[in-house]
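# Descriptive structure summary
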Amino acid sequence: MRRLFVLLFPLFVLAQEELQTRTQVLMGTFVSISLPPKYNQEITQSFELLKRIENSLSTYDETAVLANLNKDHHVKYDPYLAEALTLSRDYYEQTNGYFDITIGSISKKLYHFGEEKTYSPSRQALQSAHLDIHGIQIDNKQIITDKNITIDLGGMGKGYGADKVSEYLNDKNITKGTIALSGDIRCLDRCEVYLQSPYSEQTFAKIQSKNPQLSISTSGTYRRFATTQSEHHLINPKTASQGREFVSVSLFTTANNAKIDAYATALSVMSRTEALAFLKKIKRLVL
């Protein structure tokens, strides 16, 4: 069994010595890829793939496709962005609207999460923010959004990146290794996962996977916030207010990382009753 060491909050994984681990800062986080040493070139290519995905999905880089879409509301067709948007519309339906990428009208346009300076918007501004998942049009030539919406793919982008790297490595017949983008992890074979408390650096649980291709996603309220800790980045799109029921949500499944990344984001802003009902519903499908 392979053990990868990547420090994450609130989980981390331990890795075997025979794996080579390299880390870069991409997609707004530390990305660690661990593969057998003979696949050093594939690690390099995996990072290059993530750079291309970042250039499509980033809102931080002003030259990125999504950043330009949010600015001009019209860009040429981009395959990564188009796929991520299409998946996100599906996740919106599957989560009954709790996963909504047009939350960027609040998270990016009002709070300015991810920028040097963040703000505390008024309740009136929050309630007036326009969210509309149906305000996105995609065809084989262009992507267009309504002028009063802003898209934020932070709730599924890292999971999407993990999926794309996993697909690339699978095409290369690589079956040992780990891809870790912060709380979004793909184990290509069996692995051990250690859950870390969101309140300290202590480990409180260890999980051993029985099957390969384990996908892990964690969403938490304790790392990113605006001017006060109560103004964290996980915002209920139905109420324009922060989720309060859960400090951290971790999902383990064989489904795609993008999907469970979106699901973990949605669960984080649901009520406890809604979250439990949603988990029961999706258990038959993905968990």
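Residues numbered from 1 in each chain as written. Predicted model: local features only at pLDDT ≥ 70, side-chain atom pairs only at ≥ 80, totals over all residues. Heavy atoms only, no water.

## Quick notes on the packing of aromatic side chains
Summed over all chains, the structure comprises three aromatic pairs. On the basis of an interplanar angle of 75° and a centroid distance of 6.4 Å, the ring pair of Tyr-91 and Tyr-263 is categorised as edge-to-face. Of this pair, Tyr-91 sits in helix 3 (residues 79-94) while Tyr-263 sits in helix 7 (residues 257-267); the two residues are 172 residues apart in sequence, bridging distant segments of the chain. For the pair Tyr-91 and Tyr-263, a shared accessibility class is recorded, and that class is buried. Seen from their ring centres, Tyr-263 and Phe-278 are 5.2 Å apart, and the 85° between their planes marks the pair as edge-to-face. A residue pair is termed long-range when its members are at least 10 positions apart, and Tyr-263 in helix 7 and Phe-278 in helix 8 (residues 272-283) qualify at 15 residues. Among the residues examined, Tyr-263 registers a relative accessible area of 4% and is labelled buried. By relative accessible area, Phe-278 is classed as buried at 6%. Each residue in the set Tyr-91, Phe-99, Tyr-263 and Phe-278 is aromatic and connected to the rest through ring pairs, giving one cluster. Sitting over the face of the ring of Tyr-98, Lys-238 holds its NZ or CZ atom 4.8 Å from the ring centroid. (Phe/Tyr/Trp six-rings, centres within 6.5 Å; stacked < 30°, edge-to-face > 60°. Helix = DSSP H or I, 4+ residues; strand = E, 2+ residues; numbered from the N terminus. Buried < 20%, exposed > 50% of the residue type's maximum accessible area, 1.4 Å probe, protein only. Lys NZ or Arg CZ within 6 Å of the ring centre and 35° of its normal.)

## With respect to the nonpolar core
By size, the foremost hydrophobic cluster in this structure holds 56 residues, and its most contacted members are Leu-81, Leu-85, Leu-153 and Met-156. With residues up to four places along the chain from it excluded, the contact list for Leu-85 reads Leu-69, Ile-101, Ile-136, Ile-138, Ile-143, Ile-151 and Leu-153. Core analysis: the second largest hydrophobic core is formed by eight residues, Ile-106, Leu-126, Ile-235 and Ala-240 among them. (Core = buried A, V, L, I, M, F, W, Y, C linked by side-chain atoms within 4.5 Å. Contact = heavy atoms within 4.5 Å.)

## Remarks on the packing of helix 1 (residues 40-57) against helix 3
At a closest axis distance of 8 Å, the pairing of helix 1 and helix 3 adopts a crossing angle of 70°. Taken together, the axes of helix 1 and helix 3 are roughly perpendicular relative to one another. Seen from above, helix 1 lies across helix 3 with right-handed handedness. Taking contact as the criterion, the partners of Leu-49, Arg-52, Ile-53, Ser-56 and Leu-57 in helix 1 are, on helix 3, Tyr-80, Leu-81 and Ala-84. (Axes fitted to C-alpha atoms, helices over the stretch in contact; angles between N-to-C directions. Parallel < 35°, antiparallel > 145°, perpendicular 65-115°, else oblique. Left-handed = near helix turned anticlockwise from the far one by under 90°.)

## Some details on the side chain of Ser-58
Note that Ser-58 resides in the loop between helix 1 and helix 2 (65-72). For Ser-58, a relative accessible area of 8% corresponds to the buried category. Of the polar contacts made by the side chain of Ser-58, one reaches the backbone nitrogen of Tyr-60; its length is 3.0 Å. Contact partners of Ser-58, with chain neighbours within four places excluded, come to Ala-64, Leu-66 and Ala-67. (Polar contact = N/O pair within 3.5 Å; in protein donor to acceptor, adjacent residues only side chain to side chain.)

## What about the confidence of the model for the protein?
Mean pLDDT over the protein stands at 86; residues scoring 70 or higher make up 87%. Low pLDDT, under 50, characterises residues 1-10; the predicted model gives this stretch 56 contacts beyond four residues in sequence or across chains. (pLDDT = per-residue confidence, 0-100.)

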